[in-house]
Amino acid sequence: MERSLPTPQPAGARALPTIGTRRFSQRQARLGLERWLAEHGWQAFRFQRQVWRAMLEARSGLLHASTGAGKTLAVWGGALLRTARLGEPQPMQVLWITPMRALAADTAASIDTIGAAVDPRCRVALRSGDTTPAERRRLDRHPPFALVTTPETLSLMLSQPAAQARLAAIHTVIIDEWHELLGNKRGVQVQLALARLRRLTPGLVVWGVSATLGNLDEAARALGTDAPVLVGARLGKQHRIDTLLPASTERFPWGGHLGIRMLEPVIADIEAHRSTLVFTNTRSQAERWYHELLTRRPDWAGTIALHHGSLDIEVRRWVERALKQGLLRCVVCTSSLDLGVDFSPVERVLQIGSPKGVARLLQRAGRSGHSPGGISRIGIVPTHALELIEAVAARRAARAGRIERRTPPELPMDVLTQHLVTVALGTGFDADALYDEVCSAHSYRSLSRAAFDWALDFVGRGGASLTAYPEYRRVTADEHDRYRVEDAAIARRHRQSIGTIVADAAILVRFMSGARIGTIEESFIARLRRGDRFMFAGRVLELARIEDMTAWVRPAKSKRAAVPRWGGGKMPLSNEMAETMLECMAQIEQGRLHGAETRLLAPLMTLQMRWSALPGPGRLLVEHMHSREGEHLFVHPFAGRLVHTGLAALLAWRVARERPATFSISVNDYGFELLCPEPLDWSERFSPALLDDTDLLDDVLASLNAAELSQRRFREIARISGLVFQGHPGAARSARQLQASASLFFQVFRDHDRDNLLLDQARREVLAQELEIDRLRTALAAMRARELALVTLRRPSPFAFPLMVERFRERLTTEKLGDRIARMLRDLEAQADRDL
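First, a word on scope: everything that follows refers to the structure included in this document. (Residues numbered from 1 in each chain as written. Predicted model: local features only at pLDDT ≥ 70, side-chain atom pairs only at ≥ 80, totals over all residues. Heavy atoms only, no water.)

**Section: empty space enclosed by the protein**
- Taken as a whole, this structure holds four cavities of 30 Å³ or more when the rule is applied.
- The set of elements that each furnish at least two residues to the lining of the largest cavity consists of helix 16 (413-425), helix 19 (488-497) and helix 26 (706-721).
- The element best represented in the lining of the largest cavity is helix 19, accounting for four residues.
- Looking at side-chain class alone, the lining of the largest cavity contains six nonpolar, four polar and four charged residues.
- Each pocket or cavity is described by its volume, and for the second largest cavity that value is around 80 Å³.
- Forming the walls of the second largest cavity are S155, L158, Q189, L192, A193, V415, Q418, H419 and T422.
- Looking at the lining of the second largest cavity element by element, the count peaks at four residues for helix 16.
- Taken together, the residues of the lining of the second largest cavity break down into four nonpolar, five polar and no charged. (1 Å grid on protein atoms, 1.4 Å probe; cavity = no way out; pocket = protein on both sides within 12 Å on 5 of 7 lines; lining within 4 Å. Points joined across faces, edges and corners; volume = space filled by probe spheres on them. Helix = DSSP H or I, 4+ residues; strand = E, 2+ residues; numbered from the N terminus. Nonpolar A, V, L, I, M, F, W, Y, C, P; charged D, E, K, R; others polar.)

**Side note on the pairing of strand 7 (residues 229-232)**
- Burial along strand 7 is one-sided: V229 and V231 are buried, while L230 and G232, pointing the other way, are not.
- As judged from the four bridges shared by strand 1 (residues 61-64) and strand 7, these two strands associate in the parallel manner. Looking at the pairing, L63 lines up with V231 of strand 7. (Buried < 20%, exposed > 50% of the residue type's maximum accessible area, 1.4 Å probe, protein only. Pairing = 2+ DSSP bridges.)

**Description of the nonpolar core**
- Among the nonpolar cores identified, the biggest contains 48 residues, and L277, V331, I389, M605, F638 and F799 are the most heavily contacted of them.
- Secondary structure elements with two or more residues in this core: strand 9 (276-279), helix 13 (313-324), strand 11 (330-333), helix 14 (358-365), strand 13 (375-381), helix 15 (386-400), helix 21 (575-590) and helix 22 (596-611).
- When residues of this core are assigned to their parent elements, the largest contribution, nine residues, is made by helix 15.
- The residues touching V331, leaving out its near neighbours within four places in the chain, are T276, L277, V278, A305, H307, V319, L323 and L337.
- Within the second largest apolar cluster, 45 residues are counted, among which are L434, I490, F714 and V724. (Core = buried A, V, L, I, M, F, W, Y, C linked by side-chain atoms within 4.5 Å. Contact = heavy atoms within 4.5 Å.)

**Let's talk about the sheet that holds strand 8 (residues 238-243)**
- The six strands lie next to each other as 8-13-12-9-11-10, forming an open sheet whose pairing is parallel. Taken across any chain shown, the strands that pair with only one partner, and hence form the sheet edges, are strand 8 and strand 10 (304-307). On average, each strand axis in the sheet is inclined to that of its neighbour by 20°, with strand direction left out of account.
- Both strand 9 and strand 12 (residues 348-352) contribute to a ladder of four bridges, which runs parallel. Note that in strand 12 the partner of V278 across the bridge is L350.
- Helix-sheet contacts for helix 15 involve strand 8 and strand 13, and the interaxial angle to strand 8 is about 170°. (Axes fitted to C-alpha atoms, helices over the stretch in contact; angles between N-to-C directions.)

**Notes on the sheet that holds strand 2 (residues 94-97)**
- Strand order in the open sheet formed by seven strands is 3-4-2-5-6-1-7, with parallel pairing between adjacent strands. Because the sheet does not close on itself, it has two edges, and the strands there are strand 3 (124-127) and strand 7. Averaged over all pairs of adjacent strands, the angle between strand axes in this sheet comes to 20°, irrespective of strand direction.
- Pairing of strand 3 with strand 4 (residues 146-149) involves four bridges; the strand directions are parallel. Looking at strand 4, one finds that V124 is bridged to A146.
- Strand contacts of helix 2 (residues 46-56): strand 1, strand 5 (172-175), strand 6 (205-210) and strand 7, with the helix running at about 165° to strand 7, the strand carrying the most contacts.
- In the packing of helix 5 (residues 133-141) onto the sheet, contacts are made with strand 3 and strand 4, and the angle to strand 3 comes to roughly 135°.

**A few points about the packing of aromatic side chains**
- Scanning the model with the defined rule gives 17 aromatic pairs in all.
- Look at F252 and W611: their rings are 5.8 Å apart centre to centre, the planes differ by 40°, and that puts the pair in the tilted class. Of this pair, F252 sits in the loop between strand 8 and helix 11 (263-271) while W611 sits in helix 22, and the two are 359 residues apart along the sequence.
- Under the relative-accessibility criterion, F252 is labelled buried at 1%.
- Relative accessible area serves as the criterion here: at 10%, W611 is assigned to the buried category.
- By way of ring pairs, the aromatic residues W454, F458, Y472, F714, F745, F746 and F749 are connected into one cluster.
- Between the NZ or CZ atom of R449 and the centre of the ring of Y435, over which it lies, the distance is 5.2 Å.
- A cation sits over an aromatic face here: R820 above F808, 4.1 Å from the ring centre. (Phe/Tyr/Trp six-rings, centres within 6.5 Å; stacked < 30°, edge-to-face > 60°. Lys NZ or Arg CZ within 6 Å of the ring centre and 35° of its normal.)

**A short note on unusual backbone geometry**
- At L411, a position not held by glycine, the phi torsion is positive, near 55°.
- Using a relative accessible area of 22% as the deciding quantity, one classes L411 as partly exposed.
- In this structure, D481 takes a positive phi of about 60° despite not being glycine.
- The topology assignment puts D481 in the loop between strand 15 (476-477) and strand 16 (482-484).

**Considerations on helix 21**
- The terminal C-alpha atoms of helix 21 lie 23 Å apart, and with 16 residues this matches the ideal 22 Å at 1.5 Å per residue to within 8%.
- Buried within helix 21 are the following residues: E576, M577, A578, T580, M581, L582, C584, M585, A586, Q587 and I588.
- Against the buried residues of helix 21 lie helix 14, helix 15 and helix 22. (Expected span 1.5 Å × (residues − 1).)

**Some points on the pattern of salt bridges**
- Scanning all chains against the criterion turns up 51 salt bridges.
- A salt bridge links E57 to R59; its shortest N-O distance comes to 3.9 Å.
- Given the relative accessible area of 45%, E57 is considered partly exposed.
- Residues D432 and R449 are paired through a salt bridge, measuring 2.9 Å at the closest nitrogen-oxygen approach. In this pair, D432 is assigned in helix 17 (residues 431-439) and R449 in helix 18 (residues 449-461), connecting sequence segments 17 residues apart.
- Taking relative accessible area as the criterion, R449 reaches 30% and is therefore assigned partly exposed. (Salt bridge = Lys/Arg side-chain N within 4 Å of Asp/Glu carboxyl O.)

**Quick word on the packing of helix 23 (residues 641-658) against helix 25 (residues 696-703)**
- Orientation of helix 23 relative to helix 25, taken along the N-to-C sense of each, is 90°, at an axis distance of 9 Å. Relative to helix 25, helix 23 is oriented roughly perpendicular. For the pair helix 23 and helix 25, contact is made by A649, L650, W653, R654 and R657 and by L696, D699, V700, A702 and S703, respectively.
- Of the residues in the contact of helix 23 with helix 25, the class split is six nonpolar, one polar and three charged. (Parallel < 35°, antiparallel > 145°, perpendicular 65-115°, else oblique.)

**What about the side chain of E673?**
- With respect to the helices and strands, E673 occurs in strand 25 (residues 672-676).
- Here the side chain of E673 touches H632 through a polar contact of 2.8 Å, side chain to side chain.
- Look past the residues within four positions of E673 in its chain and what remains in contact with it is H632, L633, F634, S664, I665, S666, L803, M804 and R807. (Polar contact = N/O pair within 3.5 Å; in protein donor to acceptor, adjacent residues only side chain to side chain.)

**With respect to the packing of helix 1 (residues 26-39) against helix 3 (residues 71-86)**
- At a minimum axis distance of 7 Å, the contact between helix 1 and helix 3 shows a crossing angle of 150°. Considered as vectors, helix 1 and helix 3 are oriented roughly antiparallel to each other. Handedness of the helix 1/helix 3 crossing: right-handed. For the pair formed by helix 1 and helix 3, the contact residues are Q26, A29, R30, L33, W36 and L37 on the first element and L73, G77, L80, L81, A84 and R85 on the second.
- Within the contact of helix 1 with helix 3, the residues separate by chemical class into eight nonpolar, two polar and two charged. (Left-handed = near helix turned anticlockwise from the far one by under 90°.)

**Observations regarding the state of the cysteines**
- Throughout the structure, instances matching the rule amount to zero disulfides.
- No disulfide involves C330; its sulfur sits 8.3 Å from that of C333, the nearest cysteine. (Disulfide = S-S within 2.5 Å.)

**Looking at the environment of T519**
- Inspection of the secondary structure assignment puts T519 in strand 18 (residues 516-521).
- For T519, a relative accessible area of 28% gives the class partly exposed.
- Here the alpha-carbon distance between T519 and L508, two residues 11 residues apart in the chain, equals 4.5 Å.

**Things to note about the pairing of strand 4**
- Alternating residues of strand 4 divide into A146 and V148 and L147 and T149, and every residue in both groups is buried.
- Note that strand 2 and strand 4 share four bridges and pair parallel. Note that in strand 4 the partner of V94 across the bridge is A146.
- Crossover strand 3 to strand 4 through helix 5 is right-handed. (Right-handed = clockwise from strand over helix to strand, strands pointing away.)

Have a look at this one:
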């Protein structure tokens, strides 16, 4: 949550009148805002007044400003002024949508303070999945002036029969952290909810708020308004991005270790600041770093904490409160804390490993110096040598404003089918009117009437293949052709399933005493036996038993343990980061890039240029090598892990199509390796034809097990569309059960309903999200445009070595992997010493 703006009011500013509760004019509301600012020694910025003016003119738009600039006061002040223009404060006039429950609580408290200072009737309440039934009933009886809520809870409100009466007074909707929602199905859910609200409340004003967006025009249009206003704050927000440097770097870097060798520099940096957030890219990494910090500095116990989404909510809330109160020296965290919550005491942010994207770096940096004029300080902690280049590239891209785009999903039919049932549960709908309404949402602007009718038929009778099953006849038309949900059981099940967040199946973790610790992925815990140890919540635990979706544990005596691996741990390198890295390497080769990181990288880069070459914006580096394993091909496009997965499979399939061959594949963010055990002359085989994109879609589908990928993707679609029920509270179904149910539907549709649009969506999502087909096509074009540097290696180069390690990891245990890497490193380092 951004605070308002610490620009001092000129000396001698006049006292402002107190706002009464019987009259609420626009002038009084403005004076109330300025009085509140003056009490804090602040005054409004120009961009805030721009937003106020636009909202008074009933115009919608997008506010894009750096973290801590005062965005909240801009849009909240505009909502208060708009209320004054329309009349007196009434219940449920303003809706504030936020992507996270923790952010919702912080937002509600902040804007309630401002609203109450302007007029005591402008009170704010919070409603989310954590709101108790008693509190929900109280809010229904006594609705507040403004409600802070999440996309899922808003949809749940729309599913109530009294939705029109309860929501008809809303005149302003504010969507916080719009960049966090824009590129996913939660954002589509918001688009559809806004379209519904516009039908219920004509003249609705909608404002999105964001700090890190690269495609502002599209982001504004996705809010569903014509001619949206774009307001940007140019406050000269300072970001100081530095790198914590190791004493030395390896000449043969490899990914996978967690950078714990940087522990001492991190401890020293934490000691130098009052309060520090240590961000990691995965929950596993957060667990390991928290444990190592506390092991090395036991005297920090009580002043260091852990925060990630799998921990119990009460634990997370305690950490958030203590951080706000300045009681914690350090919190090790994941993206659970990188949104706009205001933790003013935080002076410093550390990012363990590469942030992989510019937007993520700036978002996390903004947790420090969280105020207008404040300086956001972030240090990147490299976990292997090549991340030093990523650190330089991230700093450059951030200074140049090269922020990643967030592209809204196109025509997700699973979200549409869920929305149809939601609206039918609430006010009911006329098919023609709802079609026009849905088409006003950005993601459905090209929705055909045939596709809409298919979705209506799907929720009405189960489509072409589920007509025999009553539970899939969810929506029926009455005598006036108005569609409603008549079955009470279907209504209850749908309300329990509303939302587009499809989490991996998780089970509860409890101490034998009964105390909750959090949740952990079922796929991890299922591999453990009674007595096995694992690290969770910063502790080493011993598994006692698994019963009724609960893992019962006790503190372990041994400190050696497995670390859980949560899904989503491999974030791909963004285009902006990759392009900047290539530019940096070209400058290293030319001797034009200077700095501490470059000096540390000199041994690695010198060896890479001696044994091979450096890639660059105009050079595609391709290395090939013969070994006892076979014929290796190392290609370095710097296009990101997901794109490299598709590229490797595509090239392997094209080579094997001409001559039968088998390949082992490994990928990282910088390149990929193809290993063929049979004789193969890569100098002849690697030709421009391999990089052609004429039949790209067909070749990609043929090169990968597209059916299997689509089937796995279909599980999410089946859950969102209502085909698969995740279970009643306290009786969640296992991942295996859900996958089996989804797989059955997939096979039925594939065999008996080939025109099912959910099948088509699964295929599109695989191509767009898992294979990144557009980026793959762009990468092929870039590779063709670059000069080919085809190098024959006698031994693995520094850039090839980490790709070999990735391949070993797939078939070796941790111990055997460590032994093999150690042997290879000894041989390579000895050869490097001789050559240099």
